[in-house]
Each structure stands twice: as C-alpha cells, then as structure tokens.
Amino acid sequence: MSSALAKSAAPALVEGEFHFTREDFVRVAAMLYEDAGITLSDSKATLVYSRLAKRIRTLGLRDFDAYCRLVASPGGTDERGRMLNALTTNLTRFFREPHHFDHLREKVLEPMVDRLRSGGRLRIWSAGCSSGQEPFSIALTILSVIPEAAELDVRVLATDIDSNMIAHGRAATYTDELLEPVPQAQRAKWMERDPADRSQWRFGDAARSLVAFKELNLMSSWPVKGPFDAIFCRNVVIYFDEPTQEKVWTRFNPLLVPSGRLYIGHSERLGGASAGYVSDGMTVYRSQAASLPGARR
Ligand SMILES: C[S@@+](CC[C@H](N)C(=O)[O-])C[C@H]1O[C@@H](n2cnc3c(N)ncnc32)[C@H](O)[C@@H]1O
C-alpha cells in the first residue's frame, strides 16, 4: 500500500468534511510547540479540526495531510503563520482580574506620580496582550492617576505572537458589549464613537499614544529595551509546559526595575522561577534580581 493510501485508510480522529487522523493532529501539535511553545492535549482535537477546516476549505485542499505537508514546506511559511493565528486562544476582557489594576494603581502608579511629573520614566509591558483589552486597561488605569500621562515619559508595550490580535489592538476599536467592564465615565473621557463604524468605540489619542503594539514571540529573542516597572503576562504561559513557563518567568526578571512587579494569571504559578521574586499580593510578584544597567530604584 502506498503511504498516501495508508494515510487515507487510517481512522478519522474527528469525523467531518476533511479526513483528519491522529498522525495529522500530532504533526500540527509538534509544529505549534516548535513555533509558539504551546502544548495541545488530545482533548483539543475537535478544536484543531474546526479551526483548521476553514483554512483547508479556503485553500481548496483535499484533507489535513495535504495541509500539514503545505505548512511544513518552505513555501508554506505564510500559511504556517495563519495556522498559528488560528490555533492561539485569545480570550480576554477589559479589567480582567480587577485586583491587578487596583494593585497597579496603589502600589506602582500613585507612588510614582511626583517623579513622573518631574521627568521620570514609566514602562509597562503587556506580554501576550491578545486584542488589546489588557494594555488599554493598563492605559486607563494610568490615565485615572495621571490624566496628562500622554505628555510624559510613559509607555505601555503590548506584544503578542498573533498578528491578527496586534492588528485588532492597533485599530483600538471595541463594541459596547466588549466595553461593558469599562466604567462609563472613563469611556466618555478617553474614547469616542468610531467615525468609520458608529456602532463601535475607539480609544482617543491620549490612550492610543500610550500603547505601542508589536508582534513578539515569547519563544524567540525579545527586542525590548526595558527596564519595566511592571510586566503583565497573564493567561499566556498556561498553554506552555512547565519548563517553558519557568524559562519565561526567569527571562522577565532582569527586565524589571528592582522591585518591579510581575502580574500573572489566576491559575498560574512561578514554580522553580520563584527564587527571583517575592510575593506582593494575589498573583503579583516583586522582582528581587539586580536589574539592567541604568535601571532606577
Ligand atoms: C488567553 S490570551 C490572554 C490575554 C491577556 N493577557 C489576558 O489575560 O486577558 C493568551 C494570548 O497569548 C498569546 N500567546 C500564546 N503563545 C504566545 C507566544 N509564544 N508568544 C507570545 N504570545 C503568545 C496568544 O496569541 C493570546 O493572544
């Protein structure tokens, strides 16, 4: 039997329009791990099927085997990026885990107000920012403490591996439904109806100028300067295996100013990387490590 025939004879892992075998699932999972550090458990087979079936239909391919061969080939680089975008989980919302924003305001921002008004610098990194709700929640928290922040040396870096999410964040437009957690007064002050689509709201210049969106893979090199007063990396490493999670937490540490804060997701733990941090509240940590040369505090 030829190998193509043997493959089409292999039982389907998920029944549907396109033949999808366990071997196809394993190949997709290996590529996703290699590219993004994301691990896919067997329970994700249906999700992989439904997300990639759309791509297979759009490309007019016969089955998952043809798709896997395409994305593994040198000519399939662009499609491999689309596969990655299709498989990331981008669930997010404004002011998710609100206690982090209270902590940011009280423990990081309020003590810095005088320094910032006399020329000091504030840098915050939202790593794994999805469609922008997290970095814009940070920006709104900053503006609630320092309304003139856009005129000061204050920046929020927002990065994600998913190019669609970065495009969404840059557009800075959100529906009423998505904006529900944003207090009306803040929305009225810092947002306007999107002139291109009156059913949506767009962040105004003050909030947009605080946030810079960039594509960045946490598994690759990080072309970021730092040092950061705070890093938010929440509900991102939950998709990585433990050694990969610890590597990420450890790499953040020297990018924080001394006592800089790391905010992580409610179900995440620092594990073996905890030596470089001390707890500073619920899923908030303070860096203990020496920072980059030139870091303050
Ligand atoms: C569930 S969302 C979390 C968004 C936000 N931090 C929050 O807590 O609401 C996870 C995000 O991590 C991103 N992500 C996954 N793997 C990544 C990687 N290797 N590098 C950078 N971002 C990654 C995904 O694209 C996704 O947008």
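Everything in this summary refers to the structure shown in the same document. (Residues numbered from 1 in each chain as written. Predicted model: local features only at pLDDT ≥ 70, side-chain atom pairs only at ≥ 80, totals over all residues. Heavy atoms only, no water.)

Digging into the pattern of salt bridges
Part 1: As enumerated under the stated definition, the model contains 19 salt bridges in all.
Part 2: The residue arginine 27 makes a salt bridge to aspartate 65 at a minimum N-O spacing of 2.7 Å. Here aspartate 65 lies in helix α4 (residues 64–72) and arginine 27 lies in helix α2 (residues 22–36), a separation of 38 residues in the sequence.
Part 3: With relative accessibility at 9%, the residue aspartate 65 sits in the buried group.
Part 4: Notably, a salt bridge pairs aspartate 35 with arginine 80, separated by 2.7 Å at the nearest N-O pair. Here aspartate 35, found in helix α2, pairs with arginine 80, found in helix α5 (residues 77–87); they are 45 residues apart in sequence, far enough to count as distant. Residues aspartate 35 and arginine 80 agree in their burial class; the two are buried.
Part 5: Through salt bridges with shared partners, a single ionic network connects Asp24, Arg27, Asp65 and Arg69. (Salt bridge = Lys/Arg side-chain N within 4 Å of Asp/Glu carboxyl O. Helix = DSSP H or I, 4+ residues; strand = E, 2+ residues; numbered from the N terminus. Buried < 20%, exposed > 50% of the residue type's maximum accessible area, 1.4 Å probe, protein only.)

Considerations on the sheet that holds strand β4 (residues 191–194)
Part 1: Ordered by their spatial adjacency, three strands build an open sheet running β3-β5-β4, and the pairing between neighbours is antiparallel. Of all the strands in the sheet, the pair left with one neighbour each is β3 (173–175) and β4. The average undirected angle you get between the axes of adjacent strands in this sheet is 40°.
Part 2: Relative to strand β5 (residues 197–203), β4 runs antiparallel, the two sharing four bridges. Among the inter-strand pairings, aspartate 194 is bridged to a residue of β5, identified as aspartate 197. (Pairing = 2+ DSSP bridges. Axes fitted to C-alpha atoms, helices over the stretch in contact; angles between N-to-C directions.)

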